Every structure is written in structure tokens, then in C-alpha cells.
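# Coordinates in review
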Amino acid sequence: METIVIVGGSSSIGNMISNRFRSASTRVITSYASRPPGVTVEQTDALCLDLRDDWSIDAFVRQVEVLTPQIDIAIFLAGILPGKSLVEYEFTEIDEVMSVNFNGQVKLIMRMLPLLTARSRLLLFSSISAQRGSFDPIYAASKGAVLSLVKSLATGLPSGARINAIAPGLIQDSAMFQAMTPERREYHRNQVPSKQLLRQQDLAEIVFDLCQDHWAHLNGACIDINGGQNVR
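Report follows, based on the coordinates.

So, how was this worked out
Residues numbered from 1 in each chain as written. Predicted model: local features only at pLDDT ≥ 70, side-chain atom pairs only at ≥ 80, totals over all residues. Heavy atoms only, no water. Axes fitted to C-alpha atoms, helices over the stretch in contact; angles between N-to-C directions. Helix = DSSP H or I, 4+ residues; strand = E, 2+ residues; numbered from the N terminus. Parallel < 35°, antiparallel > 145°, perpendicular 65-115°, else oblique. Left-handed = near helix turned anticlockwise from the far one by under 90°. Contact = heavy atoms within 4.5 Å. Nonpolar A, V, L, I, M, F, W, Y, C, P; charged D, E, K, R; others polar. Core = buried A, V, L, I, M, F, W, Y, C linked by side-chain atoms within 4.5 Å. Buried < 20%, exposed > 50% of the residue type's maximum accessible area, 1.4 Å probe, protein only. Disulfide = S-S within 2.5 Å. Lys, Arg positive; Asp, Glu negative; His and termini not counted. Salt bridge = Lys/Arg side-chain N within 4 Å of Asp/Glu carboxyl O. Polar contact = N/O pair within 3.5 Å; in protein donor to acceptor, adjacent residues only side chain to side chain. Arc of directions from axis to C-beta.

Packing of helix H1 (residues 12-22) against helix H8 (residues 200-210) leaves a shortest axis separation of 9 Å and a crossing angle of 50°. Considered as vectors, H1 and H8 are oriented oblique to each other. In terms of crossing hand, the pair formed by H1 and H8 is right-handed. Of the residues in H8, those in contact with Ser 12, Ile 13, Met 16, Ile 17, Arg 20 and Phe 21 of H1 are Gln 200, Gln 201, Leu 203, Ala 204, Glu 205, Val 207 and Phe 208. Partitioned by chemical class, the residues of the contact of H1 with H8 number eight nonpolar, three polar and two charged.

A separate point is the nonpolar core. Ranked by size, the top nonpolar core spans 35 residues in total, and within it Phe 60, Phe 76, Leu 108, Leu 122 and Leu 124 carry the most contacts. If you list the elements that add at least two residues to this core, you get strand S1 (3-7), helix H2 (54-67), strand S4 (71-76), helix H3 (91-112), strand S5 (116-125), helix H5 (137-153) and strand S6 (162-168). For this core, the element with the highest residue contribution is H5, accounting for six residues. Non-local contacts of Leu 108, meaning those with residues more than four positions away in its chain, are made with Val 7, Leu 49, Leu 51, Ile 57, Phe 60, Val 61 and Phe 76. Counting residues in each nonpolar core, the second largest holds 22 residues, with Leu 198, Ala 204, Cys 211 and Ile 225 among its members.

Attention shifts here to the state of the cysteines. Evaluation of the coordinates by the stated rule reveals zero disulfides. Here Cys 211 stays unpaired: no disulfide links it, and the sulfur of Cys 222, its closest cysteine neighbor, is 14 Å away.

Here the phi dihedral of Asp 173 falls at roughly 65°; this positive angle occurs in a residue that is not glycine. Tracing the sequence through the fold places Asp 173 in the loop between S6 and helix H6 (175-179). One non-glycine residue, Lys 195, lies in positive phi territory at about 65°. Here Lys 195 shows up in the loop between helix H7 (182-191) and H8.

This part is about the side chain of Arg 162. Mapped onto the elements of the fold, Arg 162 is located in strand S6. Summary of buried charges: Arg 162 has no salt-bridge partner, and the nearest side chain of opposite charge, Asp 213, is 5.6 Å away. Within the structure, Arg 162 has its side chain in polar contact with the backbone oxygen of Trp 215 (distance 3.3 Å). Apart from residues lying up to four places away in sequence, Arg 162 is in contact with Ser 120, Arg 121, Leu 122, Leu 157, Leu 210, Cys 211, Gln 212, Trp 215, Ala 216, Leu 218 and Asn 219.

Before going further, it helps to spend a moment on H8. Considered for burial, the residues of H8 that qualify are Gln 200, Leu 203, Ala 204, Val 207, Phe 208 and Leu 210. Relative to the axis of H8, the buried residues are bounded by an arc of 165° and lie together on one face. Elements in contact with the buried residues of H8: H1, S4, S5, S6 and strand S7 (222-225).

What follows is the structure, given as C-alpha cells:
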């Protein structure tokens with residue numbers, strides 16, 4: 001049975017992705033920042049992880065080591081979007097966004113390296129904002145850093161392991177979607193040629209598929225999933 005670690009698995013998107021992997025009879029380990037997701041499925045373990053805290057990162061990996069000798073798949077979903085312009089940010093908020101969206105995830109990958117094998121697959125979440133910029137420049141920069149990391153680690157992981165990123169647009173019914181005003185949701189919807197946002201269940205299928213062996217030659221890449229609203 002494969003073991004999957006889902007960082008940020010307590011989110012609505014994380015729950016959907018966790019369910020998809022559990023349906024394939026895999027062992028799922030998820031992280032939560034403050035409140036356990038209430039998962040009772042036998043093959044799921046939920047562990048506390050604060051990506052802003054070095055001690056928490058080390059403790060999380062130690063707990064994972066107790067549960068499994070290796071990580072077959074690691075999916076990094078954690079992220080925060082303040083939705084502020086540069087002048088609206090406090091210094092502490094800049095540090096928090098970078099810690100959760102990038103720095104903490106890099107530290108976590110560093111600590112996970114001994115648990116990775118030649119077949120390990122890592123998938124990080126970037127954003128359409130990393131490709132075209134954003135009203136929130138700190139969020140966009142943090143997601144852009146993810147892409148640079150993926151490119152750099154494509155040859156820096158154990159031989160045979162692979163790392164990739166996906167860059168979705170706004171996801172229907174996600175926490176980010178729910179936090180927006182109806183007008184802002186409609187604006188994002190109208191940016192997509194089909195006038196349809198990506199559904200969470202479809203994203204879960206995409207993530208699951210990208211972790212399968214027929215994608216073995218996908219390494220160091222970013223898959224854009226934005227419906228054509230930003231074509232590179």
C-alpha cells in the first residue's frame with residue numbers, strides 16, 4: 001500500500017483529494033494547522049503542522065517517520081491569500097505569507113528527503129498568479145518561488161523521484177472562492193472562455209492522475225489549469 005502525505009489536507013480541496021486517494025486503497029497522512037479534520041477512516045492519519053514554526057515542521061516529520069518508512073507521494077496544498085496590495089501589508093504579514101506558501105514547505109521537503117525513494121512523487125500547488133502577476137504581489141511572489149523550486153529540485157531529489165507543480169485558477173467552492181464577494185467571483189468566472197470554474201472533484205482527479213506512473217517523464221514542470229484564461 002502506498003503512503004501519501006497531503007500538506008494542508010484539512011481544507012475543502014484537501015478533503016476531496018484525500019478521498020480520491022483513499023478510494024484507491026492508499027495510506028493517507030494529512031496535516032492540519034489548528035483544527036483536526038475529524039477523519040475517522042482507518043487508513044488516514046491527521047497530524048498537526050504549522051508551517052510558520054520550525055519546531056512544528058520537525059515534529060511533523062518525526063511523527064510521519066513513526067507511521068511509515070517512506071513517502072511515496074507528497075502533495076503540498078497549504079497556502080494563504082491575504083488579497084492585499086503592497087502598501088496594505090504589514091511586515092509580519094509578508095513573513096507569514098512567505099512562511100506558509102514557500103519557506104515552510106521548503107523546510108518540510110528538506111526534512112522529508114530521507115523518506116523519499118526512487119519512485120517518490122512530489123506535487124506542489126502554485127497559482128495562475130505566479131504566471132501573470134496579481135493585485136496581491138506577495139502571494140504571487142510566493143507562488144512564483146514555488147515554480148523556481150520545482151525546476152531546481154527536478155534533478156536534486158533521489159534519482160527517479162520527480163517533482164512538479166500545478167497552477168490552477170480560482171476553484172469553484174474553495175475557501176478562496178467562498179471568501180470572495182459575488183462580484184469578484186463573477187469577474188473570475190468571466191475570465192475563463194467557457195465561463196466555468198474548475199470544480200474541486202475535477203481537480204482531485206487531475207492530482208490523482210498526475211501521481212500515476214504513466215506520467216513518469218513529467219518532472220520539473222508546471223501544469224496550467226486555468227481554462228485558457230492565461231495561455232503561455
